[in-house]
Amino acid sequence: MPLGSREKAGGLTLTELNPPKSRPAHRSAEDTFERAEAVYENAGPRVKRQHVVSRAVLGNFTTGKSHAPQVTMVDLLTGTARKVGTADAAIEKNFIRVDSLKTEQIWGLTETLIPSALEAARSERILTQPDQIQVLRRVVALHFARSISTRNVVEQTWPRIRDRVVQQLAERESSRISAELRPRLGRSPSREERLELVEHAAATGVDVLTGSGAYARIRIEQFYDQALERFESWGVEIIRAPSNDLVITDNPVVLARSGDDRRAARDRMAIDDAHSIVFPLAPDLLISMGPKTGYARANREAVATLNRSQIAGAHRFVFHRIGQDLSEVIMAHPGVVETEAMVVDRP
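Nothing here was measured: the structure is a model prediction, and the numbers come from that model. Per chain, residue numbering runs from 1 following the sequence as it is written. It should be noted that, the model being predicted, local features are given only for residues of pLDDT at least 70 and side-chain atom pairs only at 80 or more, the latter also being counted only at that level, while totals for whole chains, interfaces and linings use all residues. As a rule here, side-chain values come from all non-hydrogen atoms in the structure, and water together with hydrogens is ignored.

Before we move on, can you summarise the packing of aromatic side chains with the specific residues and values?
Whether two aromatic rings pair depends on their centres lying within 6.5 Å, for rings of Phe, Tyr and Trp, where Trp uses its six-membered ring; planes under 30 degrees apart make the pair stacked, over 60 edge-to-face, and the rest tilted. For the structure shown, the criterion picks out four aromatic pairs. Aromatic side chains Phe-231 and Trp-234 sit 5.6 Å apart centroid to centroid with 50° between the ring planes, which places their arrangement in the tilted category. Burial classes follow relative accessibility: with a 1.4 Å probe on protein chains only, a residue under 20% of its type's maximum area counts as buried, one over 50% as exposed, and anything between as partly exposed. For Phe-231, a relative accessible area of 0% gives the class buried.

Hey, could you go over empty space enclosed by the protein for me, with residue numbers and the actual values?
Every definition here rests on a 1 Å grid over the protein atoms only: cavities are sets of points where a 1.4 Å probe fits but cannot get out, pockets are open sets enclosed by protein on both sides within 12 Å along at least five of seven lines, and lining residues have some atom within 4 Å of a point. Grid points are joined across faces, edges and corners, and a volume is the space filled by probe spheres set on the points. Within this structure, the stated rule accounts for three cavities of 30 Å³ or more. By volume, the largest cavity amounts to about 70 Å³. For the largest cavity, the lining is made up of eleven residues, of which Val-254, Val-278, Leu-286, Leu-306 and Gln-310 are closest to its centre. Helix numbers and strand numbers start at the N terminus; a helix is a DSSP run of H or I with at least 4 residues, a strand a run of E with at least 2. Listing elements by their share of the lining of the largest cavity, those giving two or more residues are β9 (276–282) and α12 (300–312). When residues of the lining of the largest cavity are assigned to their parent elements, the largest contribution, four residues, is made by α12. Grouping the constituent residues of the lining of the largest cavity by class yields seven nonpolar, three polar and one charged. Under the scheme applied, nonpolar residues are Ala, Val, Leu, Ile, Met, Phe, Trp, Tyr, Cys and Pro; charged residues are Asp, Glu, Lys and Arg; polar residues are all the others, including Gly.

How would you sum up the environment of Trp-234? Please name residues and give values.
Residue position: Trp-234 is located in the loop between α11 (214–231) and β5 (235–240). Separated by 57 residues in sequence, Trp-234 and Pro-291 place their C-alpha atoms 6.0 Å apart. Between two residues, a contact is recorded if the distance between any of their heavy atoms is within 4.5 Å. Sequence-distant contacts of Trp-234, defined by excluding residues within four places in its chain, comprise Arg-137, Ile-271, Ala-274, Ser-276, Ile-277, Met-289 and Gly-290.

Explain the environment of Thr-86 to me, using residue names and the numbers behind them.
By secondary structure assignment, the location of Thr-86 is in the loop between β3 (80–85) and β4 (91–93). What makes Thr-86 buried here is its relative accessible area of 5%. Between the alpha carbons of Thr-86 and Thr-62 there is a distance of 8.2 Å; along the sequence they are 24 residues apart. If near-sequence neighbours (up to four positions away) are discounted, Thr-86 is found in contact with His-51, Arg-55, Leu-58, Gly-59, Thr-62 and Pro-69.

Residues and numbers for the side chain of Arg-137, please.
You can see Arg-137 is positioned in helix α7 (residues 130–145). It turns out Arg-137 is buried and unbridged, and the closest side chain with the opposite charge, Glu-232, is 4.1 Å from it. In the analysis that follows, any N or O atom pair within 3.5 Å is treated as a polar contact, provided that within protein one partner can donate a hydrogen and the other can accept it, and provided that, for residues neighboring in sequence, both atoms belong to side chains. Here Phe-231 takes part through its backbone oxygen, which lies 3.1 Å from a polar atom of the side chain of Arg-137. Those residues in contact with Arg-137, other than ones at most four positions away along the chain, are Leu-228, Phe-231, Glu-232, Trp-234, Val-236 and Met-289. For the purpose of counting charges, residues Lys and Arg are taken to be positive, whereas Asp and Glu are taken to be negative. His and the chain ends are not included. The salt bridge criterion pairs a side-chain nitrogen of Lys or Arg with a carboxyl oxygen of Asp or Glu, the two atoms within 4 Å.

An account of helix α9 (residues 174–185) is needed here, citing residue identities and associated values.
Burial in α9 covers these residues: Ile-177, Ser-178 and Leu-181. Each buried residue of α9 sits inside an arc of 95° when the element is viewed along its axis, so together they form one side. Seen from the buried face of α9, the exposed residues on the opposite side, beyond 90 degrees, are Ser-175 and Pro-183. Positioned one or two residues after α9, Gly-186 has a phi angle of 75°, which is positive. In this description, one arc is meant: the one made by directions from the helix axis to the C-beta atoms.

Before we move on, could you go through the side chain of Arg-151 and cite the residues and values that matter?
Inspection of the secondary structure assignment puts Arg-151 in helix α8 (residues 148–172). Since its relative accessible area comes to 11%, Arg-151 is described here as buried. Look past the residues within four positions of Arg-151 in its chain and what remains in contact with it is Glu-92, Asn-94, Phe-95 and Ile-220.

Which residues make up the confidence of the model for the protein, and what are the values?
On average, residues of the protein carry a pLDDT of 82, and 81% of them reach 70 or more. You can read pLDDT as the predictor saying how much it trusts each residue, on a scale of 0 to 100. A low-confidence stretch, residues 259–268 (pLDDT under 50), is modelled with 30 contacts involving residues beyond four sequence positions or located in other chains.

I'd love a proper account of the pattern of salt bridges, names of residues and values included.
Pairing of side chains with opposite charge becomes possible as their charged atoms draw close. Scanning all chains against the criterion turns up 20 salt bridges. Notably, a salt bridge pairs Glu-111 with Arg-146, separated by 2.9 Å at the nearest N-O pair. A residue pair is termed long-range when its members are at least 10 positions apart, and Glu-111 in helix α5 (residues 100–111) and Arg-146 in the loop between α7 and α8 qualify at 35 residues. What makes Glu-111 buried here is its relative accessible area of 19%. Judged by its relative accessible area of 1%, Arg-146 is buried. For Arg-172, the salt bridge goes to Glu-173, with nearest N and O atoms at 3.3 Å. Residue class for Glu-173 comes out buried when judged on its relative accessible area of 12%.

This is the structure we're talking about:
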């Protein structure tokens, strides 16, 4: 299906009007839109139910070795809790809306490596195993990119800046646009006619790619690549929680600037602004990526702080071991609705 950006309304595409400066090892905006267009035109099968937290990670928070493992899922919007299987936890329908089967298959390659990496981390052998360290980097990068927060930021950026960009391009590229329109019009185009051409290029090109989800599909992949690249120069610290009380949410990557100044990914802190990144891999084990490399222990007070940070960044759901009582911690979340069914979930 041809797009207006390929039809070249008036001979120009929006990305040609706005050639970006590429950063080393990062894709240019023009390349991103070209890849998004290819996905849009040649999209493969979709997967409707997609996990924003890997089942391989959620499985670490289950109780026992049942053939149908379950976790407690707390809904912060309703204040209710119930047991769910990992197949039904942290599900976002049509998270990736275009060609999602392919992305699921790609992400699945990392997910299959999680159990062996967790075993190496628990035995404190992992720092001597570069391949397993790389698995941890991939797991954190995966959950940073495959998050509702990241998708929302990607999808909301263009609508927010669209009108301003169109206006700026029409003014900045007025000479080029006029040169394109003059032969067709037989005269110099007016300001309104130049603006109309850029508006048409946006409506038939970028608007289609962003509205369809194709642009978000490519940008999320790029977020993963960029995060993984950044992590190559960061240390990896394995933090054990002997209390076995860590929780995970549907937005599990927590970014920190320094010390206790922790903020969640949904607060839109960029990786480049973060001092460290924290991710709970299991109730007894946390990955911290940043300036430190080594092993550490978290006492109960530290675990409570980590859980509060995790819950504060949740999109809607918190997941924890069945039988774990987190009433006080979860009730402290400012968006939670208090009900009689609040987190009284004992086996």
